[in-house]
Every structure is written in structure tokens, then in C-alpha cells.
Amino acid sequence: MTADQLDSRLKSIRDEVLAAIAAGQSTDDLESVRVRFTGQKSELKSIMGELRALVPDEKRRIGQLANEVQQAVENALKARREDLHRVELTKRLQEEQIDVSLPGTGRRLGHIHPLTRILEEIIEIFHGMGFTVVDGPEMETEYYNFDALNTPTDHPARDEQDTFYTNAAAGVLLRSQTSTMQIRAMEKTHPPLRIIAPGRVYRNEEVNARKYPLFHQVEGLLIDRNVTFGQLRGTLEEFYRLLFGRELKTRFRPDFFPFTEPSAEADCQCPFCLGEGCRTCGHRGWLEMLGCGMVDPNVLKSVNIDPTVWSGFAFGMGVERIAMLKYGVNDIRYFYNNDLRFLEQF
Ligand SMILES: [Zn+2]
């Protein structure tokens, strides 16, 4: 090509490439423009090669023009790249923008079931008095549920605690009381000991406002030397005080349990009316809280503990009953219906 041809070719390349750069819509577009027009195999490079054939004056003129084109292309690429980068950034900022003044997305928090809550309270109170929590099987043998607790087969107390027998093996049943844990604990640990055993128990009973075939109990047992009924009283009074948050009187009424002698129902003064009489206490001024007594020597003998050296007290309470009293619930079934209108009140 002649110098004039090269001159006009360079100028048209310049126009073409500047137009292509201006039309580029992304940094990727610009990169392909750069390779096409200024890369090793581009026309611009081959024109540079042809400069050698020109006379010195023309070589200088065309060479200078070629350099100007090269420089113009580089400047245009740089400027367009910056433009595009700014556009892309602005677009991203708009798409990804977060309005920090918007209210957050609330996540509903659940809370523990009222029975679990009261159970945890009871455990914490006795834990503070040095009682250890023990756990045991809900499927039990007649031995642990009745025999070892001084309740032989023909004992009338068995009728009061009709439970569910399984076909796993003869005499295997769902425990009707957590008192089973008295025996299991004394088998494992030699006195002195202080335990509470919270857990589920079962009774074969018709469902009504006061009764449900499944409920929860907390059993307590203390074995030591020279244990007195006064210590039982003191322990329960402290329990009532911490449970209801005030000093309350305790009243014992004689009762019968096969595994304690003497046995009693330990009422506490109604914390809502302080004995005046109200709906919660059925206008009696007292709440029936739990059953208790001094451990029967026969029970100690059944686990080879010498009743002439060791003595103790035991108590057992229904968790649902305590929850009903504390929260003023009048139907045990509410605890199991999973009705949010009820549960959300706690
Ligand atoms: Zn009352």
C-alpha cells in the first residue's frame, strides 16, 4: 500500500474502532474490541509492518499517525471502561440496595409449655435444697411399681392405681407412679441420699376435667440417720414458700400410702386468699398439694437398708395439679389440647 492508502486506512480503522468502543455495552465487549483492532493479528499491527517499505519522510508521517491511532484507541478504551464500570456499579448498588429504615422481618418466638415450666421450677427449688434429679423407665415391672413399695398383689391400693399392662412380658406395665424411683435409687446409692424423680406416669382412667390417663409426677425421697417428721414439714414449707413466693402455713391431714408410715396429705395455705376462701381453693382456704410420709421400714428392708439405722421421708406430687393451682387452670385437658389460645397465655 502507498503512504496515502495507509493514511486513509489508518483513519478509517480509527473511526471504526472508536465507534465500536462507544457501542460496547460491557467490559467484555471492550476486551474483544481491543483484541480485534490492536491485537497481534490485527490490521493495525500489519500496517505497522508495512511502514518499513516507505521512504523516511512518509515513514515518519505514517508512523506518527499509527501511533496517534494506537493512543486514541487506548484512551477511548480506558475512558469507556471507566464509564461502563460506573454504570455497572450504579446498577448493582440499585439492585442490591437495602433500606435500613424498613422494619425487620419478625420471627415468632415460641416458649416452653406451662407444664415444662412448672416442672423446671419444682426441680430448681429442690435442687437448691440439695436434691439430685434421677430419671428412670416409664415401662416398669410390677416389682418396682408395687411389690417393692409394700403393695403386694392383693393390696387394695393396687385398685386405686389401675394402669396399663403391656404384652412385653408378664407383669410389665406403664408405671402408675414415680415412686418406683425410690427403689431404683436406693438400689444404686447407699444412704444418705436426697433425690427427686420427675416424670410421666399412667393411669387407666376415664378422661375428665381432673383426670387424664397420662400425667406427670415429682417424687421426692430423703434417707439419712434420725430423720424426723419435722424435717419433712420444713422441707415442704420451704417448697411452698419458693413456689408461691410468700410464707404460707402448712397443714397435715392423715392419709394412707402403702410405702410410708405415717402418711399424710400436706396442704398449704391458699396463696391467693391467704385462707380467707376463694375460687381456686374452693373456699376452703387450703390447697391440697401433695402426699407424703415417713418411709415405711418394709420399703427399706426390701432394698437391704437397715431401718434401725436409717430413716427417711418421701413425698409425691402431681405436676398438672400444681400447675392448675398456680396458674388457675380448671381443666387438666387444656394442657394436652395444643390450643394456642390457651398456651399463649403463659
Ligand atoms: Zn383461696
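What you see is a predicted model; the values in this text were computed from it and never measured.

What follows concerns the overall build of the protein. On a plain count of helices and strands, the protein comes out with 12 helices and 9 strands. Relative to the compact-globule value of 20 Å for 346 residues, the protein shows a C-alpha radius of gyration of 45 Å, a clear excess of over 25%. Principal axes of the C-alpha set define a box for the protein whose edges measure 130 × 45 × 40 Å. Across the 346 residues that make up the protein, the buried fraction comes to 42%. Looking at the protein as shown, the accessible area adds up to about 19600 Å², and 50% of this sits on carbon and sulfur atoms. If the 43 positive side-chain charges of the protein are averaged to one point and the 51 negative ones to another, these points end up 6 Å apart.

Right, let's get into the coordination of the zinc ion. Every protein donor of the zinc ion is listed here as Cys-270 (SG), Cys-273 (SG), Cys-278 (SG) and Cys-281 (SG), and their distances to the metal cover 2.2 to 2.3 Å. If you look at the zinc ion, its 4 donor atoms make angles of 103 to 115 degrees with each other, and the shape they trace is tetrahedral. Positions of the donor residues of the zinc ion, expressed as sequence spacing, correspond to C-x2-C-x4-C-x2-C. Taking the relative accessible area as the measure of exposure, Cys-273 reaches 12% and is therefore buried.

Close contact between helix 1 (residues 3–23) and helix 3 (residues 43–50) brings their axes to 11 Å; oriented N to C, the two are set at 160 degrees. With respect to helix 3, the element helix 1 is oriented roughly antiparallel. At the point where helix 1 passes helix 3, the crossing takes the left-handed sense. When helix 1 is examined against helix 3, the residues Leu-6, Arg-9, Leu-10 and Ile-13 are found in contact with a partner set consisting of Glu-43, Leu-44, Ile-47 and Glu-50.

Judged by nonpolar contacts, the single largest core of 48 residues is most densely connected at Phe-126, Phe-239, Met-289, Leu-290, Phe-315, Met-317 and Phe-335. Excluding anything up to four places from it in sequence, Met-289 contacts Phe-239, Tyr-240, Leu-243, Phe-244, Ala-266, Asp-267, Cys-268, Met-317, Arg-321, Ile-322 and Leu-325. Core analysis: the second largest hydrophobic core is formed by 22 residues, Ala-3, Leu-6, Leu-51 and Leu-77 among them.

Below, the discussion takes up the sheet that holds strand 8 (residues 286–295). One open sheet holds the 7 strands; their spatial order is 1-4-5-9-8-7-6, and the pairing between them is mixed. Of all the strands in the sheet, just strand 1 (132–133) and strand 6 (250–257) have a single pairing partner and so form its edges. Contacts from helix 8 (residues 180–188) reach strand 4 (193–202), strand 5 (214–224) and strand 9 (311–318), with the element oriented near 140 degrees to strand 4. Where helix 9 (residues 229–244) meets the sheet, it contacts strand 6, strand 7 (260–269), strand 8 and strand 9, and its direction lies at approximately 145 degrees from that of strand 8.

This part covers the domain arrangement of the protein. Per the domain assignment, the segments of the protein are domain 1 (3–95) and domain 2 (114–343). Relative to domain 2, the C-alpha centre of domain 1 lies at a distance of 93 Å.

What follows concerns the state of the cysteines. Considering all chains together, one arrives at 0 disulfides under this definition. No disulfide involves Cys-292; its sulfur sits 12 Å from the nearest other cysteine sulfur, which is in Cys-268.

The subject of this paragraph is the pairing of strand 6. One ladder, built from 7 bridges, connects strand 6 with strand 7; its direction is antiparallel. Bridged to Arg-251 within strand 7 is Asp-267.

Moving on, we come to the environment of Val-299. Tracing the chain through its elements places Val-299 in helix 10 (residues 297–302). On the basis of relative accessible area, Val-299 is assigned to the buried category, the value being 0%. Separated by 92 residues in the primary sequence, Val-299 and Val-207 have C-alpha atoms spaced 32 Å apart. Among all residues touching Val-299, those that are not within four sequence positions of it are Ala-148, Leu-149, Asn-150, Gln-182, Ile-183, Met-186 and Phe-259.

Another point: the pairing of strand 4. Of all 10 residues in strand 4, 8 are buried, a share of seventy percent or more. As paired strands, strand 1 and strand 4 are joined by 2 bridges and run parallel to one another. Across the sheet, the residue bridging to Val-133 is Ile-196, located in strand 4. As paired strands, strand 4 and strand 5 are joined by 10 bridges and run antiparallel to one another. Bridge pairing in strand 5 links Gly-199 to Gln-217.

Right, let's talk about the packing of helix 1 against helix 4 (residues 56–95) for a bit. Relative to each other, helix 1 and helix 4 sit at 0 degrees, their axes nearing to 10 Å. On the basis of their axis angle, the class for helix 1 and helix 4 is roughly parallel. Within the contact between the two elements, helix 1 uses Ala-3, Asp-4, Leu-6, Asp-7, Leu-10, Lys-11, Arg-14, Val-17, Leu-18, Ile-21 and Ala-22 and helix 4 uses Glu-58, Arg-61, Ile-62, Leu-65, Ala-66, Val-69, Ala-72, Val-73, Ala-76, Leu-77 and Arg-80. Its residues assigned to classes, the contact of helix 1 with helix 4 comprises 15 nonpolar, no polar and 7 charged.

Here we come to helix 11 (residues 319–327). The set of residues buried in helix 11 consists of Val-319, Glu-320, Ile-322, Ala-323, Met-324 and Leu-325. Buried residues along helix 11 sit in contact with helix 5 (114–128), strand 5, helix 9, strand 8 and strand 9. Positive backbone phi, approximately 65 degrees, marks Gly-328, located one or two places after helix 11.

Rules of the game
Residues numbered from 1 in each chain as written. Predicted model: local features only at pLDDT ≥ 70, side-chain atom pairs only at ≥ 80, totals over all residues. Heavy atoms only, no water. Helix = DSSP H or I, 4+ residues; strand = E, 2+ residues; numbered from the N terminus. Rg over C-alpha atoms; globule rule 2.2 N^0.38 Å. Buried < 20%, exposed > 50% of the residue type's maximum accessible area, 1.4 Å probe, protein only. Areas by Shrake-Rupley, 256 points an atom, 1.4 Å probe, with all protein chains shown as cover. Lys, Arg positive; Asp, Glu negative; His and termini not counted. Charge placed at Lys NZ, Arg CZ, Asp CG, Glu CD. Donors = N, O, S within 2.8 Å, 3.2 Å for Na, K, Ca; no water. Tetrahedral: all angles 85-135°; square planar, octahedral: opposite > 155°, others 65-115°. Axes fitted to C-alpha atoms, helices over the stretch in contact; angles between N-to-C directions. Parallel < 35°, antiparallel > 145°, perpendicular 65-115°, else oblique. Left-handed = near helix turned anticlockwise from the far one by under 90°. Contact = heavy atoms within 4.5 Å. Core = buried A, V, L, I, M, F, W, Y, C linked by side-chain atoms within 4.5 Å. Pairing = 2+ DSSP bridges. Domains from an automatic or database assignment. Disulfide = S-S within 2.5 Å. Nonpolar A, V, L, I, M, F, W, Y, C, P; charged D, E, K, R; others polar.

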